[in-house]
Amino acid sequence: MSKDDQDNRHCEGYTRRGFIQFIGVGAGVVGASLISQPFNGPVLANEDDQVLPAASMVKVRLKINGNRYEVLAEPRWSLLYVLREIIGQTGTKLGCDRGECGACTVLIDDLPRYACLTLAVEVENREITTVEGLMNGEELGPVQTAFAENDAFQCGYCTPGQVMAVEGLLRKVESPSADEIRSGCSGNLCRCGAYQNIFAAADQAARLKKS
Amino acid sequence: MLPKFSYVRPDKLAQAVKHLETDKAVIHAGGTDLLGCLRERIMDGDLLVSLGGLKGLAGIKETADGGLSIGALTTITEVSENRLVRDKYPGLAQGAAEVASPQLRNQGTLGGNLCQKPRCWYFRGEFHCLRKGGGLCFAIKGENQFHAIFGHDKICAITHPSDTAPVLVALNASVDVVGPAVNRSIAVEDLHVPPAEDVRAETVLKRGEIITRITIPAPAPNLYSSYRKIRARRSWDFALAGAALAFAMDGDRVSRANVVLSGAAPVPWRSTAMEEVLSGSTLTAETIFRAARAAVAEARPLAGNQYKVEMFRGMLEEELRKVGKGGEV
Ligand SMILES: Cc1cc2nc3c(=O)[nH]c(=O)nc-3n(C[C@H](O)[C@H](O)[C@H](O)COP(=O)(O)OP(=O)(O)OC[C@H]3O[C@@H](n4cnc5c(N)ncnc54)[C@H](O)[C@@H]3O)c2cc1C
Ligand code: SF4
Ligand code: FES
Ligand code: FES
């Protein structure tokens, strides 16, 4: 058996079992097969100056909502894909997949960014916050509460992204003006046109956060 | 899903240059333009060379002469919010603030902003047009309401998409470039390529060349700088018409005027005609009228974008009336 074959068998074993380590708080392990298609390439660590071949899996260490995850990902996988399809956290939504709608907004080191235009391998060890991370235990966090109380949605599809954009804004500006709110939400489209209520929710969320 | 590519994140500049010598290697800075281009198959990228590990490409520093050196990886948000930028070159902070959306500004970098691909809808769509190596520009005789009115030479009528490049040209900025052969400095004014010179290229950068820093000379005495962008909506949108002004003022006289237009031409469009009317003049109503008219005299609008001529003229008049009045009309 050649060295390559040995490597492949080793990797296949990993992926079939579904390779994930959940080192954070809690004992919950995300189970089942993490990689839907059979994979026969090498598994590599993402180290500086190591070329990760297109047909390889990379061990990516992600810090999501304070928990550490180690997942296997292809270099081309977006953070959005890894969040939803590999880790199974589907709060972050897929809209346009091209940086135009905001449905996939997450915070990276407290700043709102589009998870669809962010490669998972680029955000190793950065602080990633998704809408799941805004809960106070079983209770809604302040921004989520403000959205619910202000009817800041109709279909709700854009809502997790809007909530994250507002959360990001409020982490930077404690009491944003009406203009700052509009600008803070300007990267998030709402097909249902709930903008007035979204702006009102942002305004209330600022007050809730301070109280 | 993106097409498959290999990925490397070197921690030394020399290594990055070396990786870029690989066939079909491309630079990944923020990725906000690159990943879209790869997904739409506008660009081939077999190896993504991430600049993320290069610490020397970050940060904004004051230079010995009182100008600024901005690392190519500085995000657009950092440029728009930085105290030194706002104090010395308000126009650059304004230009950066007009880029895309908050999310994209938090991720996109200044270097990437200068090197982004155009937004012509044929180019971004499935048309094998001249710029992609085909035989025809579909826009010149097609749907061209958002295309160029200057400098297209009836070859390719993209408008250069960057909101920071016009300001950097107006401020006489240059880029420091590291490459496989020599390291060089290029004026931002000479960075972009007019279609008549080479319709396939957006910048003069050669394979393996990386912009490391953007250097802006010390502000001229009493520098007035501004950037204005007209767009169809307040969410992210590219310029229909825009203008960067950088004026050295002597009392209420403009001793030296730099005017660079966006949404206008395939490259950031320097309006020498307008600069000539303004340099050495005081901004009377008559001068303002003549200057704005001079700017649009050389326009060659296409069938669908005649409206831009009056839009530029009116916008330039408004912008000139703000000079010396603290930015208020
Ligand atoms: C929906 C949307 C709206 C947008 N709106 C605007 C707008 O209104 N105004 C505007 O100006 N831009 C806009 N952009 C374009 C652009 O994404 C950003 O402006 C951003 O600054 C690009 O930077 P980046 O770091 O993400 O570039 P990347 O995507 O990483 O790179 C862009 C290109 O530049 C090359 N490159 C990157 N860094 C360097 C370097 N240091 N040296 C040499 N080459 C390099 C890359 O290889 C690539 O070809 C928009 C983009 C999207 C998706
Ligand atoms: S304007 Fe340029 S990019 Fe657009 S179709 Fe014509 S050649 Fe292609
Ligand atoms: S899905 Fe990311 S911006 Fe639309
Ligand atoms: S609530 Fe339906 S898209 Fe915003």
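Residues numbered from 1 in each chain as written. Chains lettered and ligands numbered in written order. Predicted model: local features only at pLDDT ≥ 70, side-chain atom pairs only at ≥ 80, totals over all residues. Heavy atoms only, no water.

Details of the overall build of chain A
Put simply, the rule is: Numbering goes from the N terminus for both helices and strands, where a helix is a DSSP run of H or I of at least four residues and a strand is a run of E of at least two. Per-residue accessibility, obtained with a 1.4 Å probe over protein chains only, is compared with the maximum for each type, and a residue is labelled buried under 20%, exposed over 50%, and partly exposed between these values. The contact definition used throughout considers only heavy atoms, calling two residues in contact when any of these lie within 4.5 Å. In this description, accessible areas are obtained by the Shrake-Rupley approach with a 1.4 Å probe, and a residue is regarded as covered only by the protein chains that are shown.
Looking only at helices and strands, chain A features six helices and seven strands. Traced from its N-terminal end to its C-terminal end, chain A shows the element sequence α-β-β-β-β-α-β-β-β-α-α-α-α. Of all 211 residues assigned to chain A, the portion counted as buried reaches 49%. Expressed as a percentage of contacts within chain A between residues at least 6 apart in sequence, the contacts between residues at least 24 apart total 53%. For chain A, the computed accessible surface area is about 9600 Å², with 47% contributed by carbon and sulfur atoms.

As for the pairing of strand β5 (residues 105-108) of chain A
Residues and elements named next belong to chain A. Cut-off, in case you're wondering: Paired strands are those between which DSSP finds at least two bridges.
Burial of β5 is two-sided: the residues T105 and L107 facing one way and the residues V106 and I108 facing the other way are all buried. For β5 and strand β6 (residues 111-114), the ladder comprises four bridges, and the chain directions are antiparallel. Bridging across to β6, L107 finds its partner in P112. The turn joining β5 and β6, which pair antiparallel and follow one another in sequence, is formed by two residues; a positive phi near 50 degrees is taken by D109. Of the strand pairs in this sheet, β5 and strand β7 (residues 127-129) are connected by two bridges, and their pairing is antiparallel. Paired with I108 across the strands is I128, a residue of β7.

Some words on helix α2 (residues 79-87) of chain A
All names here are of chain A. Where α2 is concerned, the buried positions are L79, L80, V82, L83, I86 and I87. Of the surrounding elements, those touching the buried residues of α2 are β3 (57-64), β4 (67-73), β5 and β7. Where α2 ends, the next residue or the one after it, G88, has phi of about 85 degrees, a positive value.

Here we look at helix α3 (residues 142-149) of chain A
Residue and element names in this part refer to chain A. Put simply, the rule is: Within this analysis, the arc is defined by the directions that extend from the helix axis to the C-beta atoms.
Where α3 is concerned, the buried positions are V143, Q144, A146 and F147. One face of α3 carries all of its buried residues, which in axial projection span an arc of 160 degrees. Taken together, the buried residues of α3 touch α4 (159-172) and α6 (195-210). Directly beyond the C-terminal end of α3, a positive phi value near 50 degrees is found at D151.

Notes on the site of ligand 2
This is how the line gets drawn: For this description, a residue counts as near a given molecule or strand if any of its non-hydrogen atoms is within 4 Å of it. Each residue gets one of three labels, nonpolar for Ala, Val, Leu, Ile, Met, Phe, Trp, Tyr, Cys and Pro, charged for Asp, Glu, Lys and Arg, and polar for the others, Gly among them.
The environment of ligand 2 is made up of 13 residues, and the closest members are B:C120, B:C129, B:C137, B:C156 and B:A157. A class-by-class count of the residues in the shell around ligand 2 yields 11 nonpolar, one polar and one charged.

Some points on the domain arrangement of chain B
We apply this condition: Those domain boundaries reflect an automatic or database domain assignment.
Split into domains, chain B comes out as domain 1 (1-49) and domain 2 (224-323). With centres defined by C-alpha atoms, the gap from domain 1 of chain B to domain 2 of chain B works out at 36 Å.

Focus: the interface of chain B and chain A
Filter applied, for reference: Buried area: the accessible surface (1.4 Å probe) lost by two parts on joining, summed over both. Salt bridge, as applied in this entry: a Lys or Arg side-chain nitrogen positioned within 4 Å of an Asp or Glu carboxyl oxygen.
At the interface, 38 residues of chain B touch 37 residues of chain A. Regarding the contact of chain B and chain A, the summed buried area is about 3200 Å², with carbon and sulfur atoms giving 51% of it. Per-residue buried area on chain B facing chain A is highest for B:Y7, B:R9 and B:Q103; these three make up 23% of the total on that side. Our enumeration of links across chain B and chain A arrives at six salt bridges. As a salt-bridge pair, B:E81 and A:K172 come within 2.7 Å of each other at their nearest N and O atoms.

Here we look at the nonpolar core
Stated formally: We define the nonpolar core as a collection of buried residues of types Ala, Val, Leu, Ile, Met, Phe, Trp, Tyr and Cys that are connected through side-chain atoms lying within 4.5 Å of one another.
Of all hydrophobic cores here, the largest spans 40 residues; its most connected members are A:L62, A:V71, A:L79, A:V82, A:L119 and B:L48. Counting only elements with at least two residues in this core, the list comes to β3, β4, α2 and β5 of chain A together with α2 (34-39) of chain B. If near-sequence neighbours (up to four positions away) are discounted, A:L79 is found in contact with A:L62, A:V106, A:I108, A:A115, A:T118, A:L119, A:A120, A:V123 and A:I128.

As for unusual backbone geometry
A negative phi angle characterises most non-glycine residues, just as the trans form characterises most peptide bonds. Despite not being glycine, A:D110 has its phi angle at roughly 75 degrees, a positive value. Within the fold, A:D110 resides in the loop between β5 and β6. For B:K154, which is not glycine, the phi torsion reads 55 degrees and is therefore positive. Positionally, B:K154 belongs in the loop between α8 (121-124) and α9 (165-170).

Considerations on the packing of aromatic side chains
Residues and elements named next belong to chain B. Basically, it comes down to this: In this analysis, rings of Phe, Tyr and Trp, with Trp reduced to its six-membered ring, are considered paired at centre separations within 6.5 Å, and the interplanar angle assigns stacked below 30 degrees, edge-to-face beyond 60, and tilted for intermediate values.
Taken as a whole and assessed by the stated rule, the structure comprises 10 aromatic pairs over all chains. Each ring, one from W121 and one from F146, has its centre 5.6 Å from the other, and the planes form 55 degrees; the classification is tilted. Here W121, found in helix α8, pairs with F146, found in the loop between α8 and α9; they are 25 residues apart in sequence, far enough to count as distant. On the basis of relative accessibility, which here comes to 37%, the residue W121 falls in the partly exposed class. Judged by its relative accessible area of 44%, F146 is partly exposed. Put simply, the rings of Y122, F127 and F138 touch in pairs and so form one group of aromatic residues.

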